[in-house]
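As a plain string of letters, each chain reads:
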Amino acid sequence: LKKNIDHEVCSARLSGFGGVGVNVRASGHALNVRLDVSTDLRSTVSMSAAESGSVGIGVIGCGRIGVVHASAISSLMGADLVMVTDPFESAGKKVEESFGVEWTPDWTKLVNDPRIKGVVIGSPTPYHAEQIIACAEAGKDVFCEKPISNDLKVIDECIAAVEKSGIKLMVGFQRRFDSNFLTIKSKIEAGDIGQVRMFQIISRDPAPPPKEYLEKSGGIFLDMASHDFDMARFVTSSEIDEVYVCGAAFDPEAQGANDLDSVITTLKMKNGTFGTIQNSRRCALGYDQRIEVFGSDGILTGNNKAPDTVILSNSSGVSAGLPYSFFMDRYAEAYSGAMAAFVDMIRKGTPPPVSYIDGRMSIVVARAANLSAKEGRPVKLSEVE
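So, a few notes on the structure that sits alongside this text.

Thresholds applied
- Residues numbered from 1 in each chain as written.
- Predicted model: local features only at pLDDT ≥ 70, side-chain atom pairs only at ≥ 80, totals over all residues.
- Heavy atoms only, no water.
- Pairing = 2+ DSSP bridges.
- Helix = DSSP H or I, 4+ residues; strand = E, 2+ residues; numbered from the N terminus.
- Contact = heavy atoms within 4.5 Å.
- Axes fitted to C-alpha atoms, helices over the stretch in contact; angles between N-to-C directions.
- Buried < 20%, exposed > 50% of the residue type's maximum accessible area, 1.4 Å probe, protein only.
- Lys, Arg positive; Asp, Glu negative; His and termini not counted.
- Salt bridge = Lys/Arg side-chain N within 4 Å of Asp/Glu carboxyl O.

## A look at the sheet that holds strand E13 (residues 262-269)
Point 1. Spatially, E16-E15-E11-E14-E13-E12-E19 is the arrangement adopted by the seven strands of the open sheet, whose pairing is mixed. One side of each edge strand has no neighbouring strand; the edge strands of this open sheet are strand E16 (298-302) and strand E19 (379-380).
Point 2. In this sheet, strand E14 (residues 274-280) lies alongside E13 in antiparallel orientation, the contact comprising seven bridges. Within E14, the position partnered with Leu267 by the bridge is Gly275.
Point 3. On the sheet, helix H9 (residues 220-236) packs against strand E11 (196-204), strand E12 (240-248), E13, E14 and strand E15 (288-295) and is oriented at approximately 35 degrees with respect to E13.
Point 4. Its contacts with the sheet put helix H13 (residues 356-375) on E12 and E19, and the angle it makes with E12 is roughly 45 degrees.

Below, the structure written as structure tokens:
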């Protein structure tokens, strides 16, 4: 293979014990190569995207999250990373060289490229709406990082464009694809804990971001807790009816940004379930991501994930390593799962596993939580719709 390939192998993916999936680019064309390792060392090679039915994907944004998505797409069998775009040449060229993919500073060129069937939007939030609408007009399915927008009116304009065009819009709540949360969801649906009655979600970051970031973030409920609001809806299979918030700003970063850094939100769900979400911008032990769901017949608990699960037990006591300290590491598997689901959605024509309704609801809940924090009272979501 190496003699006939112009560019370096972009990525490789171990696939259980069955083999390695590799995406390469040869003579300007993408190839998906699968090397199946078995006793007789057989190998199979799938052809170009057009011949094999691979889904052409473009990524808008070559920042941190764009690189994560580009990497995930490059390692997916059945997907072809066709093009990336970013207005900053240094960022775009770095991704171009890393993955052997075309870069353009003009995102409209990517959206209108006929080879591209799905567009991943990883640009800054203020550009999301314009790019979603452009994709809808071009007939391209979309994966958009949350939020679609922080403005409900703008979200509704995007939804109207999506519904008019008939494209599919998937929103990037990647935690739904994490193995802990997926397992909890499946066990609830299987009836393993009976009727769900209460839940507790804990989400704490290792350290607060700088004041300058917090000032532009939209606040802790939009920027951070929106993932947890979505998770509450996900595990209970119910909409949120009412929220009540207690919170404070302990650290100078949040104080300087007129924001909160520590909050507890109590949620009442429409199906009668209720629970709490704890959020903190600071946690000394690392990235703290836990969940407990209490039912009539049992309890489901999802604990932190760590780089290793080794426990040392000796005469001094019992000790274990700390959990991951960065969300990209903690949810690496989930980001890959989200991209796989997006490609599968395009290929099969199935509904988005995380829809624009889910994206919109997270903003509604955040607005209600923000009002509750300001006024010190329970707020029904109907007040802020």
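Still more to cover.
## Topic: the side chain of Glu145
Point 1. On the secondary structure map, Glu145 appears in the loop between strand E9 (141-144) and helix H6 (152-165).
Point 2. For the buried Glu145, no salt bridge exists, and the shortest N-O distance to an oppositely charged side chain is 7.1 Å, to Lys146.

## Quick word on the sheet that holds strand E6 (residues 79-85)
Point 1. Taken in spatial order, the six strands make up an open sheet running E7-E6-E5-E8-E9-E10, and their pairing is parallel. Here the strands that pair on one side only, and so sit at the sheet edges, are strand E7 (102-104) and strand E10 (169-171). Strand after strand, the sheet turns through a mean of 20 degrees between neighbouring axes, direction not considered.
Point 2. Examined bridge by bridge, E9 and E10 share three bridges and lie parallel to one another. When the sheet's bridge partners are listed, Cys144 is paired in E10 with Val171.
Point 3. Sitting on the sheet, helix H2 (residues 64-74) touches strand E5 (55-60), E6, strand E8 (118-121) and E9, and the angle it makes with E6 is about 155 degrees.

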